[in-house]
Each structure stands twice: as C-alpha cells, then as structure tokens.
Amino acid sequence: MKDMSEHEQKTDGVTRDTTPAFVYATTRDWAGYFEVTQGRPPRDTLLHTLELFSREPSDRTRFAVDLGCGEGRDTAELLRQGWKVHAVDGHPDGLTRLMHRDDHHAMERLTMQLASLERVVLPECDLLNASFSMPFCAPDHYEAMWNRIVDAVKVGGRFSGQFFGDRDSWASIPDRSHFTRSQVEAFLSPFDVEMLKEEEREGQDCSGVSKHWHVFHIVARKK
Ligand SMILES: C[S@@+](CC[C@H](N)C(=O)[O-])C[C@H]1O[C@@H](n2cnc3c(N)ncnc32)[C@H](O)[C@@H]1O
C-alpha cells in the first residue's frame, strides 16, 4: 500500500493531494496546479466584474477573453452567465480540462486557443479577464502584452485580474513580472479603476515552505 505523504489526505477512500496550489505555480508545474485547483470557484475579481456588468443591461451577448484560463474556473462562470468566451492558455492540459468540464453546457459559446502570453493576438472584447496569469509573462514581453490587453478592451469594457507586487516572494525569480503600486497605477491609466485591492500576507504549505504574497486585485473600466 502507498504511504500517505504529508501532502495527501484520504477522504471517502480517495487519496487527495493537499499541496497548496502556489507550490506548483512556483515551479510552473501547471499539470500539478490544475490537478489541485480543479473545481475551485471563480475568482472574486471576476465575480465583482460580472456584478458591475449586470448593472449595465445589454441586449447582445457579451464577449470575454480569459487570458491564462487554466482549467477554466472563470471561463465556466462566464459561460454560465451567458457570455461568449475565448479562453487562452499556454498549457494544453488546462484547455483539455476546460473542454471536459461538466459544470456548463455552452460549448457553442466557447472558443479556445493554445498560445503564449508573450505572443497571443487578442480580439476586441467587452472583458479581458486575466486571473493570476500575467505575472508569468516574461518581463521583456510584459509591456507589449499589457498594451495588447489595453487595445483589446472596448471603450466601456473592463479588465479584471491581478498584478503581482514587488514584495511578493516570486519577485526574486528572474522570469516573473512584479511591480510597485505606482507602476500598477501607471499601467491602469487608460482605465477608471473600480477595484484596486492590495493584499499582503504570509502563506505556508504543510511542510513549512512559506510564500509572501503581495498581490493587486484589479477591476477597471476602459476610458
Ligand atoms: C496560476 S495559473 C491561473 C489559472 C487560472 N486563471 C486561475 O485563476 O486559477 C496561471 C495560468 O497561466 C498559464 N500560463 C503561465 N505562463 C504562461 C505563458 N507564458 N503563456 C500562456 N499561458 C501561461 C498557465 O498555464 C496557467 O494556466
């Protein structure tokens, strides 16, 4: 019989990996990340954004790009709320998992693209959602990626997602993109900012590996 590691828990006879998702994200082990995050609820930034859109009724189907969609926790919510979605990720496992989700029944409103943050060409959209994905863009491509995001969002449309801060533990990893608050504010100048929550806290996995989180949670409306 397989020994239970400190990262595994048995529930109803099923052994589950309880390693925090950040441990996988630290090393870009996206297959491991998707395994532990599968089925998690949509991000609060997306839910807040959808609430803001719901106060501005429209008689047409709105269109979102979910950039770095992973296994589709946000894409599934957008589809459930009647949106058309173009889901983009750089890892095929995320898109495969999204295709096989059974918590939405709207494949006809979903398109998917395997593409990198550094190169993807973005279609015009009402919402550009990038939950916890932009810090993984290579630093020398970040500004160009952000400019493509700004260009893609229609006037009156929104951006929702996260910038990672300069005091986050991952800021010392050379291929990550992290910013000060004033840099984040400068990036957001084409938008009216509707939410800018700066979060700073310690996180730890069960074997004591710690991570300092410094994250800016953003919802913003294009001017
Ligand atoms: C931390 S996960 C976030 C996934 C999902 N949006 C969520 O909120 O859980 C980061 C995602 O970005 C994708 N990603 C990381 N680097 C990328 C890159 N350079 N190009 C495209 N996608 C990338 C990963 O495959 C992964 O799905």
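About the thresholds
Residues numbered from 1 in each chain as written. Predicted model: local features only at pLDDT ≥ 70, side-chain atom pairs only at ≥ 80, totals over all residues. Helix = DSSP H or I, 4+ residues; strand = E, 2+ residues; numbered from the N terminus. Buried ≥ 20, exposed ≤ 12 C-beta atoms within 10 Å, placed from the backbone. Contact = placed C-beta atoms within 7 Å. Core = buried A, V, L, I, M, F, W, Y, C linked by C-beta atoms within 7 Å. Arc of directions from axis to C-beta. Pairing = 2+ DSSP bridges. Right-handed = clockwise from strand over helix to strand, strands pointing away. Axes fitted to C-alpha atoms, helices over the stretch in contact; angles between N-to-C directions. Parallel < 35°, antiparallel > 145°, perpendicular 65-115°, else oblique. Nonpolar A, V, L, I, M, F, W, Y, C, P; charged D, E, K, R; others polar. Near = placed C-beta within 6 Å.

K.L.:
Quick question: what am I supposed to make of the overall build of the protein chain here?
P.N.:
Assigned secondary structure in the protein chain consists of seven helices and ten strands. For the C-alpha atoms alone, the extent of the protein chain along its principal axes is close to 60 × 40 × 30 Å. Sorting the 223 residues of the protein chain into buried and exposed places 35% on the buried side. Taking all contacts inside the protein chain whose residues are at least 6 apart in sequence as the whole, residues at least 24 apart take part in 67%.

K.L.:
Looking at this structure, how should I read the nonpolar core?
P.N.:
Within soluble globular proteins, side chains that are nonpolar tend to cluster in buried spots. Ala64, Val65, Val85, Ala87, Cys125, Leu128 and Phe163 are the most contacted members of the largest nonpolar core, which has 39 residues in total. Setting aside anything within four residues of it in sequence, one finds Leu128 in contact with Val65, Leu67, Ile149, Ala152, Val153 and Phe159.

K.L.:
Explain unusual backbone geometry to me, please; I cannot follow it from the model alone.
P.N.:
Note: most residues except glycine have negative phi, and most peptide bonds are trans. Backbone geometry at Arg28 places phi at a positive 55°, although glycine is not the residue there. Structurally, Arg28 is set in the loop between helix H1 (21-26) and helix H2 (30-37). Classification of Arg28 by C-beta neighbours within 10 Å gives partly exposed; the count is 14. You will see that Phe132, though not glycine, has its phi angle at about 55°, which is positive. Along the chain, Phe132 turns up in the loop between strand S6 (125-130) and helix H6 (139-152).

K.L.:
I keep staring at H2 and nothing clicks. Help me out?
P.N.:
Within an α-helix, residues lying three or four positions from one another point in the same direction, as the helix has 3.6 residues per turn. All of the buried residues in H2 are Trp30, Tyr33 and Phe34. Looking down the long axis of H2, one finds its buried residues gathered within 95° of arc, a one-sided arrangement. Those residues of H2 that are buried lie in contact with H1 and helix H5 (92-99). Two residues or fewer past H2, Gly39 is found with a positive phi of approximately 85°.

K.L.:
Please explain the pairing of strand S5 (residues 110-114) as it appears in this structure.
P.N.:
Strand residues, when the strand is regular, have side chains that alternate between the two faces of the sheet. Across five bridges, the pairing between strand S4 (residues 84-89) and S5 is parallel. Its bridge partner being in S5, Ala87 is matched across the sheet by Met112. Taking the sense of rotation as the criterion, the β-α-β connection linking S4, H5 and S5 turns out right-handed.

K.L.:
Help me understand H5, please; the structure alone is not making it clear to me.
P.N.:
Buried within H5 are the following residues: Gly94, Leu95, Arg97 and Leu98. All buried residues of H5 fall inside an arc of 160° around its axis, so they share one side.

K.L.:
Teacher, can you tell me more about the packing of H2 against H5 here?
P.N.:
Relative orientation of the contacting elements H2 and H5 amounts to 30°, with a least axis distance of 9 Å. Classified by the angle their axes make, H2 and H5 are roughly parallel. Residue-level inspection shows Trp30, Ala31 and Phe34 of H2 in contact with H5, the latter providing Asp93, Gly94 and Arg97. Partitioning the contact of H2 with H5 into residue classes produces three nonpolar, one polar and two charged.

K.L.:
Can you walk me through the site of the ligand in this structure?
P.N.:
By nearness alone, 21 residues border the ligand, and Gly68, Gly70, Gly90, Ser131 and Phe136 come closest of all. For the shell around the ligand, the leading source of residues is H2, giving three residues. Among the residues forming the shell around the ligand, the class breakdown is eight nonpolar, nine polar and four charged.

K.L.:
Explain the environment of Leu188 here, please?
P.N.:
Looking at the element boundaries, Leu188 is found in the loop between helix H7 (181-187) and strand S9 (191-204). Considering only alpha carbons, one finds Leu188 and Ala220, 32 residues apart in sequence, at a separation of 7.7 Å. Discounting residues that sit within four places of it in the chain, Leu188 has contacts with Val193, Ile218 and Ala220.

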